[in-house]
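# Working through the structure, step by step
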Amino acid sequence: MSVKVYVISEPLAIDFIMDDDIDGFKELLDSDDTLYFPEPEIFDTEEKALAFCAGLGYGKDERAVPDRYPLRSCEPADAPFIGAIENY
């Protein structure tokens, strides 16, 4: 099973994701048609996807708001956000 990883860099979108606020995230998508979400990275295994995501956060302060946030198709909590992006 392949795993998609979307790397989000929009600060307001990251805030909504971290707060698990899917409604706010959808409102952001509806209100701003200039947001850009790159195509997802696709991995053959969950382990490879997790290694990629670990590399994104390497050396970062865990208490700080990240400047890049990964959404993984293998995570049920990320599914609504991925669905919203794919329908954006």
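Everything below is about the structure printed above this text.
Below or above, wherever it landed, is the structure these notes cover. (Residues numbered from 1 in each chain as written. Predicted model: local features only at pLDDT ≥ 70, side-chain atom pairs only at ≥ 80, totals over all residues. Heavy atoms only, no water.)

This part covers the overall build of the protein chain. Scanning the protein chain from terminus to terminus reveals four helices and three strands. Secondary structure elements of the protein chain, listed N to C terminal, follow the sequence β-α-α-β-α-β-α. Residues classed as buried in the protein chain amount to 33% of the 88 residues present. If you take every contact in the protein chain between residues at least 6 apart in sequence, the share linking residues at least 24 apart comes to 74%. Put simply, the protein chain shows about 5,800 Å² of open surface, and 49% of that area lies on carbon and sulfur atoms. (Helix = DSSP H or I, 4+ residues; strand = E, 2+ residues; numbered from the N terminus. Buried < 20%, exposed > 50% of the residue type's maximum accessible area, 1.4 Å probe, protein only. Contact = heavy atoms within 4.5 Å. Areas by Shrake-Rupley, 256 points an atom, 1.4 Å probe, with all protein chains shown as cover.)

Turning our attention to unusual backbone geometry. The backbone of Asp20 sits at a positive phi, close to 55°, despite the residue not being glycine. Considering the arrangement of structural elements, one finds Asp20 in the loop between helix H1 (11-18) and helix H2 (22-31). Residue classification places Asp20 among the exposed residues on the basis of a relative accessible area of 57%.

Looking now at the environment of Lys26. Following the sequence through the fold, Lys26 ends up in helix H2. The spatial distance from the C-alpha of Lys26 to the C-alpha of Pro80 is 9.7 Å, given a sequence separation of 54 residues.

Pairing is antiparallel in the open sheet, where three strands are placed in the order E2-E1-E3. In the strand order of this sheet, the two ends are held by strand E2 (41-43) and strand E3 (69-72), each with one partner. For this sheet, the mean inter-axis angle between neighbouring strands, taken without regard to orientation, is 25°. One ladder, built from four bridges, connects strand E1 (residues 3-8) with E3; its direction is antiparallel. For Val7, the partnering residue across the bridge sits in E3 and is Pro70. On top of the sheet, H1 reaches E1 and E3; it is set at about 55° to E3, its chief contact. Here helix H4 (residues 79-86) sits on the sheet and contacts E1 and E3; the angle it forms with E1, its principal contact strand, is near 75°. (Pairing = 2+ DSSP bridges. Axes fitted to C-alpha atoms, helices over the stretch in contact; angles between N-to-C directions.)

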